[in-house]
Amino acid sequence: MILALETSCDDTCAAVVTQAGEIRSNVVSSQAVHGRFGGVVPEWASRHHLENVNAIVDLALREAGATLDDAELIAVTQGPGLVGALLIGVATAKGLAAARGLPLAPVDHLQGHVAANYLLPDPIEPPFLCLLASGGHTLLARVTEHGSHERLGSTLDDAAGEAFDKGARLLGLGYPGGPALSKLATQGDPAAFAFPTAARVPGLDFSFAGLKTALLYAVRDLGEEETARRAADLAASYEHAIVEALMLRVERALRDDPAPRLAIGGGVAANRLLRSRAEALGVPVHVPPPSLCTDNAAMIGSAARWVEPRPYPDYLALDVYATRRNR
Ligand code: KG4
Ligand code: ZN
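If you're wondering where the values come from, they're calculated on a predicted model, not measured in any experiment.

Quick notes on the overall build of the chain
Stage number 1. Each helix and strand in the chain was counted, giving 10 helices and 10 strands.
Stage number 2. The C-alpha radius of gyration of the chain comes to 20 Å, within 12% of the 20 Å expected for a compact globule of 327 residues.
Stage number 3. Seen through its C-alpha atoms, the chain measures out along the principal axes to roughly 65 × 45 × 30 Å.
Stage number 4. Put simply, the chain has 327 residues, and 52% of those count as buried.
Stage number 5. In the chain, of all internal contacts separated by at least 6 residues, the share reaching a separation of at least 24 is 72%.
Stage number 6. Accessible surface for the chain amounts to roughly 14000 Å². Of this, 52% is attributable to carbon and sulfur atoms.
Stage number 7. Averaged over its 28 positive side-chain charges, the chain has a centre that lies 4 Å from the centre of its 37 negative ones.

Following this line, the structure appears as structure tokens:
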């Protein structure tokens, strides 16, 4: 059994998965506190992890009907993410592993999202194209083997979920605003406002900064009363632009793909318009259940199955990394 930890952002996560990819437990402790500030506060995130991580590990073991004696491998997110937050997970993982002389598998967070697709009961096999869209990341990757992914494109500025959240804030919808904005959008006209999709950004990289600025100007030009009256149209047009920006790159990447198939992950995978647009592509689309799309430790345990484990005590010097590695 693999005991996995994930603390790269604001959720404290622990899970028990088997080598075969069965999820025995998958526990997430979310930090509601950030809503007050309109975003994740790194210092709060670290403190929350520190206070909760031991209890979350215990809970994951208990829910799996296991003890630390059953663990054969400790897996942990090494990066990218908030350094202070990552350090809590890595230090905990080192402690757990060292106490039992167990090996430790450091996992890349984005590879974890990719590996969510390999978990039972509905695993898929490479090759596939993977779109990850969350509050922290936007990544388009080609996956040809279980243990890695080739980055085709990522965001040049904001992440897709961040664009949703910033748009929602401009429309007064609270944080995180993606779901609220998407709900409001169902009552609006997606063609009411022509927001940019950064179509001119060449290749497969994403950019959402221009879109956010366009909404800011629209709101400013409309004034408070008109903005309130047309909020649904603004939300629908804005959502439409984000989804088109994502799908434009997906379509570009699929164009020359001999065996086209798409997997979608990250919190934005919950978006109804994105899913219907993806399903209309005419290629098989795989979306893991919501609990595996958002940050969780089961996906880290899954990815660990293809990571070379570090033996005790080599990993005691292991460090975290804040930004993605060139892979
Ligand atoms: O993967 P995730 O849970 O965590 C982080 O990246 O931290 O992604 C959260 C992001 C938020 O930006 C949220 O607004 C967005 O996913 N999100 C959505 C929807 N559900 C969550 N965006 C658009 N439509 C949704 N239905
Ligand atoms: Zn993530």
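Quick notes on the sheet that holds strand S9 (residues 262-265)
Stage number 1. Taken in spatial order, the 5 strands line up as S8-S7-S6-S9-S10 in an open sheet, and their pairing is mixed. Here the strands that pair on one side only, and so sit at the sheet edges, are strand S8 (148-154) and strand S10 (285-286).
Stage number 2. Where strand S6 (residues 128-133) and strand S7 (residues 138-145) come together, 6 bridges link them in antiparallel fashion. Residue Phe128 lies in a different strand from S7, and its bridge partner there is Val143.

Details of the coordination of the zinc ion (ligand 2)
Stage number 1. Surrounding the zinc ion (ligand 2) are the protein donor atoms His109 (NE2), His113 (NE2) and Asp295 (OD), at 2.1 Å.
Stage number 2. Read in sequence order, the donor residues coordinating the zinc ion (ligand 2) give the pattern H-x3-H-x181-D. Placement of the pair is His109 in helix H3 (residues 109-115) and Asp295 in the loop between helix H9 (290-293) and helix H10 (298-304), with a sequence separation of 186 residues.
Stage number 3. Look at Asp295 and you get buried, because its relative accessible area is 16%.

Focus: unusual backbone geometry
For residues that are not glycine, phi is negative in most cases, and the peptide bond is trans in most cases.
Stage number 1. In this chain, Gly79 is followed by Pro80 through a cis amide linkage whose omega measures -10 degrees.
Stage number 2. Within the secondary structure layout, Pro80 lies in the loop between strand S4 (73-79) and helix H2 (83-100).
Stage number 3. Note the cis peptide between Pro126 and Pro127, where omega equals 10 degrees.
Stage number 4. As for its position among the elements, Pro127 is in the loop between H3 and S6.
Stage number 5. A positive phi angle, near 55 degrees, is found at Ala198, a position not held by glycine.
Stage number 6. Mapped onto the secondary structure, Ala198 falls in the loop between helix H5 (178-185) and helix H6 (209-229).

Rules behind the numbers
Residues numbered from 1 in each chain as written. Chains lettered and ligands numbered in written order. Predicted model: local features only at pLDDT ≥ 70, side-chain atom pairs only at ≥ 80, totals over all residues. Heavy atoms only, no water. Helix = DSSP H or I, 4+ residues; strand = E, 2+ residues; numbered from the N terminus. Rg over C-alpha atoms; globule rule 2.2 N^0.38 Å. Buried < 20%, exposed > 50% of the residue type's maximum accessible area, 1.4 Å probe, protein only. Contact = heavy atoms within 4.5 Å. Areas by Shrake-Rupley, 256 points an atom, 1.4 Å probe, with all protein chains shown as cover. Lys, Arg positive; Asp, Glu negative; His and termini not counted. Charge placed at Lys NZ, Arg CZ, Asp CG, Glu CD. Pairing = 2+ DSSP bridges. Donors = N, O, S within 2.8 Å, 3.2 Å for Na, K, Ca; no water.

By themselves, these are just geometric observations and shouldn't be taken as functional.
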